[in-house]
Amino acid sequence: MEAGEPSRKKKTTRQITIEIFGTAIALTTLALPIFLITNFSDQNSSHFTPSDRILIQP
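Predicted model, so just to flag it, every value in this text is computed and none were measured.

**Description of the overall build of the chain**
At step 1: Looking only at helices and strands, the chain has one helix and zero strands in total.
At step 2: Counting over 58 residues, the chain shows a buried share of 0%.
At step 3: Total accessible area computed for the chain in this model is approximately 6,000 Å², and 66% of it derives from carbon and sulfur atoms.

See below:
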């Protein structure tokens, strides 16, 4: 079979369902850590006021 040539077998409903769940799991696995890291860093930076930060000048 050539690359890009359509498959001659029709996919069953079960195969399509498994592909959809697999894609959803993959996207969640990628997006969840990014969301948590972003959310965590926003919470930490909001606890500081400008007067709390110490600037060290050479």
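**Quick word on the pattern of salt bridges**
At step 1: For the structure shown, the criterion picks out one salt bridge.
At step 2: For Lys-11, the salt bridge identified is with Glu-19, shortest N-O distance 2.8 Å.
At step 3: Among the residues examined, Glu-19 registers a relative accessible area of 41% and is labelled partly exposed.

**With respect to a nonpolar patch on the surface**
At step 1: Together, Leu-32, Phe-35 and Leu-36 make up an exposed nonpolar region whose accessible area comes to about 310 Å².
At step 2: Tracing the sequence through the fold places Leu-36 in helix H1 (residues 13-46).

Thresholds, definitions, all that
Residues numbered from 1 in each chain as written. Predicted model: local features only at pLDDT ≥ 70, side-chain atom pairs only at ≥ 80, totals over all residues. Heavy atoms only, no water. Helix = DSSP H or I, 4+ residues; strand = E, 2+ residues; numbered from the N terminus. Buried < 20%, exposed > 50% of the residue type's maximum accessible area, 1.4 Å probe, protein only. Areas by Shrake-Rupley, 256 points an atom, 1.4 Å probe, with all protein chains shown as cover. Salt bridge = Lys/Arg side-chain N within 4 Å of Asp/Glu carboxyl O. Patch = residues over 30% accessible without salt bridge, like charges linked within 9 Å, V, L, I, M, F, W, Y side chains within 5 Å.

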